[in-house]
Amino acid sequence: MSKAEFICIHCPVGCKIIVENEEIMGNECKRGEEYVIQEMKNAKRILTTTVFIEGEQRMLPVKSDGEIPKELIKDCMRELAKVKARLPVKRGDVIYKTSTGINIIATRSMEKKQE
Amino acid sequence: MFAGGKMKAGIVVIGGGPAGLAASLKASEYTDVMLLERDELGGILQQCIHDGFGNFIFGKMLTGPEYAEHFIERARDAGIDIRVGTTVLQVEGKKIVASGSDGILEIETKAIVLAMGCRERSRCQILIPGTRPAGIYTAGTAQRLINVEGVMPGRKVVILGSGDVGLMMARRLTLEGAEVEGVYEIMPKPGGLIRNVVQCLHDYNIPLHLCHTVVDIKGKKRLEGVVVAKVNEAMKPIKGTERFIPCDCLILAVGLIPENELSRQIGVAIDSRTQGPIVDERMETSVEGVFACGNVVHVHDLVDDVTIAGEIAGENAGKYAIGEFERIRKGKVIAGENVRYVVPQILRGMEDVTSYLRVEKEMENVKLIVSGKKTFEKKYRIVRPAEMVKVKVNADILTSNEVRIDVKS
Ligand SMILES: Cc1cc2nc3c(=O)[nH]c(=O)nc-3n(C[C@H](O)[C@H](O)[C@H](O)COP(=O)(O)OP(=O)(O)OC[C@H]3O[C@@H](n4cnc5c(N)ncnc54)[C@H](O)[C@@H]3O)c2cc1C
Ligand code: SF4
């Protein structure tokens, strides 16, 4: 007998999903099932953070273009602390390739500040 | 230097967050629109870099800036007269005075859309005693410091309040290398969505202390620590449970209040429960030709609902400006049992309505009952104060002078 409880984080509904003897219950949609299977195998998350911008005081918001294994997120943050983006950028531009193979992309477009 | 001066616009939208952007876009289908924003377009979304936006409108989770940019691009293409860095100072009738880089503008308009969003509750509004050292921030200010300006507010942090913003900040600070000692919540349940408790606290082993509050603040120039204590059912601190936590940063994530100085100036009637303008289902306020949408009306959990409200306000402001809007004020909606507030509060009573309501307390297996000319019932497995309840009601139930909404077991 095995029983485990999860809360699906794939949408604001936040279904409570119970897994008992390989049976998955409580998810309101298919994404919940996929989430639980992934969570039991290897929990992964999208990373959202910011990076520095060359010659500017403000930060550029970025995210991982795919999910990163949870335990590697801290390493990614360490790598990203050294990154400096160059303006202008467009939303979706690849800003950095992490050692996990997942790209970090810009989540907004930004022009250079006018002098 | 003084390119300012007198101008005219069919509609003026005040505030360029998701509400104002959606309203401007819709309104521009009817007449010329001027959008005034004191900072940059996107509003609070530009500092909400996490993903969690647009699940219902886009069918996927976007970050705040991504969600905003979709609408900003469309607003630029729609030929809207967008003026950023422009603060509205005063509204008198349908005359608006704003100040921006071009000097002082005086704009005459036919219709106004209020979309100023909300601001945060601060320490004085929740009455924490103690000294006033540096190192105490509201969650939104801290979010802006880290995500936009790249400045860390502290190294060892205590967070008061477990709403979504507090939860997000706990994760963000941890990722950036700070130590979050814990999140303290005065209520017996977390204030934010459960998914955020999971992905922000559980993922990073950050403890959540329910039924706790901060009772004292220590430190002279810089914060040196806070005293937390358990609270009883009446939310009063329990003697003997006090605990000192050394920290250099306290984050207050204790809620938002609609920003309604301008609305009051115009004479718009304010609902004491929502702290926002009283509106009907077309988002018209008590002042004719003045519409309102988004967090200025009531604090929303989901930006998708803000966009929808913005579109309704924009469409009807547009119709008003071209003389195709008839003002009707027929029924009113009463917030009944276990209902803290309902929006809209006033009904024209002729069309189907989506009512938004917040419950007072968490309840399981409840019925939501709408009683008007007829009665309508809907079952819910669970209702929580942290999650807005949305219910679509048919016009034939609403054609009555008084409609009441109750949530009972
Ligand atoms: C910190 C925080 C985190 C959130 N996280 C999430 C989330 O994860 N998921 C989700 O779906 N929703 C989230 N929300 C909710 C959602 O972002 C808001 O409901 C939404 O942004 C509200 O939009 P708005 O346009 O009403 O207000 P805002 O975005 O606040 O925009 C109001 C705009 O009006 C401008 N303004 C105000 N006064 C004036 C004036 N006098 N003159 C000119 N301009 C003025 C302001 O500068 C601002 O740009 C969050 C909200 C906050 C505050
Ligand atoms: S199972 Fe589906 S509906 Fe439930 S939280 Fe996950 S994504 Fe949302």
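No experiment lies behind these values; they were computed from the predicted model shown.

Which residues make up the overall build of chain B, and what values do they have?
Check the secondary structure of chain B and you find nine helices and 27 strands. In terms of overall dimensions, chain B has a C-alpha envelope of 65 × 60 × 40 Å along the principal axes. Taking all 409 residues of chain B together, the buried fraction comes to 56%. Once local pairs closer than 6 in sequence are excluded, the contacts in chain B between residues at least 24 apart make up 60%. Averaged over its 53 positive side-chain charges, chain B has a centre that lies 5 Å from the centre of its 53 negative ones.

How would you summarise the domain arrangement of chain A if you had to cite specific residues and measurements?
Taken domain by domain, chain A holds domain 1 (3–42) and domain 2 (48–106). Computed from C-alpha coordinates alone, the two centres of domain 1 of chain A and domain 2 of chain A are separated by 29 Å.

Break down the side chain of His50(B) for me, citing the residues and quoting the values.
With respect to the element layout, His50(B) can be found in the loop between β2 (33–36) and β3 (51–53). Those residues in contact with His50(B), other than ones at most four positions away along the chain, are Thr48(A), Leu62(B), Thr63(B), Gly64(B), Gln143(B), Met168(B) and Arg171(B).

So, the sheet that holds strand β5 (residues 48–53) of chain A: which residues are in play, and what are the values?
Residues and elements named next belong to chain A. The five strands are arranged β8-β5-β6-β10-β9 in an open sheet whose pairing can be described as mixed. Looking at strand neighbours, the two that pair on one side only are β8 (84–85) and β9 (94–97), the edges of this open sheet. Direction of pairing for β5 relative to strand β6 (residues 59–64): antiparallel, over a ladder of five bridges. What sits directly across from threonine 50, in β6, is proline 61.

Could you give me a rundown of the nonpolar core, with the residues and numbers involved?
Residues and elements named next belong to chain B. Ile11, Ile14, Val113 and Leu114 are the most contacted members of the largest nonpolar core, which has 59 residues in total. Counting contributing residues, this core receives three or more from each of domain 1 (1–119 + 256–327) and domain 3 (329–409). Setting aside residues no more than four positions away along its own chain, valine 113 makes contact with Ile11, Val12, Val13, Ile14, Ala23, Phe291, Cys293, Ala313 and Ala317. Core analysis: the next-biggest nonpolar cluster, separate from the first, contains 41 residues, Ala142, Leu167, Val197 and Ile251 among them.

Kindly report on the pattern of salt bridges, identifying the contributing residues and their values.
Summed over all chains, the structure comprises 34 salt bridges over all chains. Between Asp301(B) and Arg358(B) there is a salt bridge; the shortest N-O distance is 2.6 Å. With Asp301(B) in the loop between β19 (290–292) and α8 (303–321) and Arg358(B) in strand β23 (residues 353–359), this residue pair connects regions lying 57 residues apart in the sequence. For Arg358(B), a relative accessible area of 7% gives the class buried. When salt bridges with common partners are traced through the structure, they connect Glu39(A), Arg45(A), Lys70(A) and Asp203(B) into a single cluster.

Residues and numbers for the site of ligand 2, please.
For ligand 2, the full set of nearby residues is Cys8(A), His10(A), Cys11(A), Gly14(A), Cys15(A), Asn27(A), Glu28(A), Cys29(A), Arg31(A) and Gly32(A). Class assignment for the residues of the shell around ligand 2 results in four nonpolar, four polar and two charged.

Any chance you could break down the sheet that holds strand β27 (residues 402–408) of chain B for me, citing the residues and the numbers?
Sheet strands pair by backbone hydrogen bonding; their relative direction is either parallel or antiparallel. Read across the open sheet, the five strands follow the order β22-β20-β27-β24-β25 (chain B); overall the sheet is mixed. Edge positions in the sheet fall to β22 (346–347) and β25 (375–383) of chain B, since each has one partner strand and no second.

Outline the confidence of the model for chain B, supporting the account with residue identities and numerical values.
The predicted model of chain B averages 93 in pLDDT, with 98% of residues at 70 or higher. Across the assembled chains, the prediction reports ipTM 0.89 with pTM 0.93.

Would you mind going over the site of ligand 1 in detail, with residue names and values included?
All names here are of chain B. What surrounds ligand 1 is a group of 33 residues, the closest being Ala19, Glu37, His50, Asn295 and Val303. The contact in question runs from an oxygen atom of ligand 1 to an N or O atom on the side chain of glutamate 37, over 2.6 Å. The backbone of valine 303 places a nitrogen or oxygen atom 2.8 Å from an oxygen atom of ligand 1. Considering ligand 1 on its own, with 1,000 Å² of exposed area, one finds that the protein chains cover 93% of that surface.

Basis of the calculations
- Residues numbered from 1 in each chain as written.
- Chains lettered and ligands numbered in written order.
- Predicted model: local features only at pLDDT ≥ 70, side-chain atom pairs only at ≥ 80, totals over all residues.
- Heavy atoms only, no water.
- Helix = DSSP H or I, 4+ residues; strand = E, 2+ residues; numbered from the N terminus.
- Buried < 20%, exposed > 50% of the residue type's maximum accessible area, 1.4 Å probe, protein only.
- Contact = heavy atoms within 4.5 Å.
- Lys, Arg positive; Asp, Glu negative; His and termini not counted.
- Charge placed at Lys NZ, Arg CZ, Asp CG, Glu CD.
- Domains from an automatic or database assignment.
- Pairing = 2+ DSSP bridges.
- Core = buried A, V, L, I, M, F, W, Y, C linked by side-chain atoms within 4.5 Å.
- Salt bridge = Lys/Arg side-chain N within 4 Å of Asp/Glu carboxyl O.
- Near = heavy atom within 4 Å.
- Nonpolar A, V, L, I, M, F, W, Y, C, P; charged D, E, K, R; others polar.
- pLDDT = per-residue confidence, 0-100.
- Polar contact = N/O pair within 3.5 Å; in protein donor to acceptor, adjacent residues only side chain to side chain.
- Areas by Shrake-Rupley, 256 points an atom, 1.4 Å probe, with all protein chains shown as cover.

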